[in-house]
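Listed here are the chains, written in short residue letters.
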Amino acid sequence: MSYDLYNNFGDNIEGGSKSMAELGSKELITDHTVVTDGIRQAILGGDFAPNQRMVEADLCMQFHASRSAVRAALQELGAQGLIERVANRGARVRSVSLDEAVEITEVRMVVEGLCAARAARNVTDADIAEFTDLRRAIAESAAAGDVFGYSRQNQLLHRRIREISAQRSADEILERLRGQLVRHQFKLAMHPGRMSVSLPEHVAIIDAVCARDSDAAEAAMRAHLRSVITALREVAAAR
């Protein structure tokens, strides 16, 4: 099974005056932000495996980038928790343990709970109409056993709640944490019976936000992420 499920989780690659897709094949990329986004999306998309070495010369060829741009990109990705430096072995894709995944989810529980509460205060009639459609789509995907569709809609729900909350600092924190958890999220999505457990949790979040009940929205988000922690441990125990 590929990790293509997560190819659309992040924003489109962009940076500087041109995106990677817009750059000509003969033009060497020197803007490290473009290279950072390109490597980040490759990691999130599963093109690089956990613990895989990130060789600068290979990355320069793959992303048609200068050595300085690649080096700066690896430093930035290290700050984001996606890359780690190993003494005498260079950089590699960081592997997140179960214990760390649980810790990250505990942080998400607090921060996303805040976002859900704020989203319930800020939600507009147009947002409610969007969430109503999303609620129906999530239920239909679950009923059809469409794991990929369900997961995309799940990510959309969490992203829209962050956006509507207008909590920029929280959004930045959660975006960094999301990248570190992507492979654990994939395993959760494929875990048998996970959709039937998470569906009512997502519905509760949507209903509370649409009701403009900030306390209920925060409680529903926290309950959902507490359930994610339980599922993380179940998946690990089943391996």
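All figures in this text were calculated on a predicted structure; none of them were measured in a lab.

Both strand β1 (residues 53–54) and strand β3 (residues 90–93) contribute to a ladder of two bridges, which runs antiparallel. When the bridges of β3 are listed, Met-54 appears paired with Ala-91. Across four bridges, the pairing between strand β2 (residues 83–86) and β3 is antiparallel. The residue bridging Ile-83 from the neighbouring strand is Val-93, located in β3. Here β2 folds back onto β3 in antiparallel fashion, the turn holding three residues, of which Asn-88 has a positive phi close to 65°.

Structurally, the position occupied by Ile-39 is in helix α1 (residues 32–44). Judged by relative accessible area, which is 0%, Ile-39 ranks as buried. Expressed as a C-alpha distance, the spacing of Ile-39 and Leu-59, which sit 20 residues apart in the sequence, is 8.4 Å. Excluding residues within four positions of it along the chain, Ile-39 makes contact with Met-54, Leu-59, Phe-63, Ala-73 and Leu-77.

Before going further, it helps to examine helix α3 (residues 67–79). For α3, built from 13 residues, the straight-helix expectation of 18 Å at 1.5 Å per residue is met to within 8% by its first-to-last C-alpha distance of 19 Å. Among the residues making up α3, those that are buried are Ala-69, Val-70, Ala-73, Leu-74 and Leu-77. The arc that holds every buried residue of α3, seen down its axis, measures 135°, which confines them to one face. Every exposed residue of α3 that faces more than 90 degrees away from the buried side is listed here: Ser-68, Gln-75 and Ala-79. Looking at the buried residues of α3, the elements they touch are α1, β1, α2 (56–63), β2 and β3.

Ranked by size, the top nonpolar core spans 42 residues in total, and within it Phe-131, Leu-157, Ile-161 and Val-209 carry the most contacts. Looking at this core, the elements that each hand over two or more residues are α4 (98–122), α5 (125–144), α6 (147–165), α7 (168–190), α8 (194–210) and α9 (214–238). Residues contacting Val-209, with those up to four places away along its chain left out, are Ala-116, Ala-119, Ala-120, Val-123, Phe-131 and Ala-217. Counting residues in hydrophobic clusters, the runner-up holds 21 residues, among them Val-34, Val-35, Phe-48 and Leu-82.

Read across the open sheet, the three strands follow the order β1-β3-β2; overall the sheet is antiparallel. The sheet terminates laterally at β1 and β2, the two strands that pair on one side only.

A positive phi angle, near 50°, is found at His-64, a position not held by glycine. Among the residues examined, His-64 registers a relative accessible area of 32% and is labelled partly exposed. Within the chain, Arg-212 stands out as a residue other than glycine whose phi angle is a positive 60°. Mapped onto the secondary structure, Arg-212 falls in the loop between α8 and α9.

Quick look at the confidence of the model for the chain now. Overall, the prediction assigns the chain a mean pLDDT of 85, with 89% of residues at 70 or greater. Mean pLDDT per element in the chain: α7 is the minimum at 80, and α5 is the maximum at 97. Scored below 50 in pLDDT, residues 1–24 makes 53 contacts in the model with residues more than four places away or belonging to other chains.

Its 13 residues place the ends of α1 18 Å apart at the C-alpha level, agreeing with the 18 Å of an ideal helix rising 1.5 Å per residue. Among the 13 residues of α1, 10 are classified as buried, and the element is accordingly described as predominantly covered. Buried within α1 are the following residues: Val-34, Val-35, Thr-36, Gly-38, Ile-39, Arg-40, Gln-41, Ala-42, Ile-43 and Leu-44. Phi turns positive one or two residues past the end of α1, at Gly-46, with a value near 85°.

Tracing the sequence through the fold places His-202 in helix α8. For His-202, a relative accessible area of 1% gives the class buried. Once residues within four sequence positions are removed from consideration, His-202 is found in contact with Tyr-150, Asn-154, Leu-157, His-158 and His-224.

What counts and how
Residues numbered from 1 in each chain as written. Predicted model: local features only at pLDDT ≥ 70, side-chain atom pairs only at ≥ 80, totals over all residues. Heavy atoms only, no water. Pairing = 2+ DSSP bridges. Helix = DSSP H or I, 4+ residues; strand = E, 2+ residues; numbered from the N terminus. Buried < 20%, exposed > 50% of the residue type's maximum accessible area, 1.4 Å probe, protein only. Contact = heavy atoms within 4.5 Å. Expected span 1.5 Å × (residues − 1). Arc of directions from axis to C-beta. Core = buried A, V, L, I, M, F, W, Y, C linked by side-chain atoms within 4.5 Å. pLDDT = per-residue confidence, 0-100.

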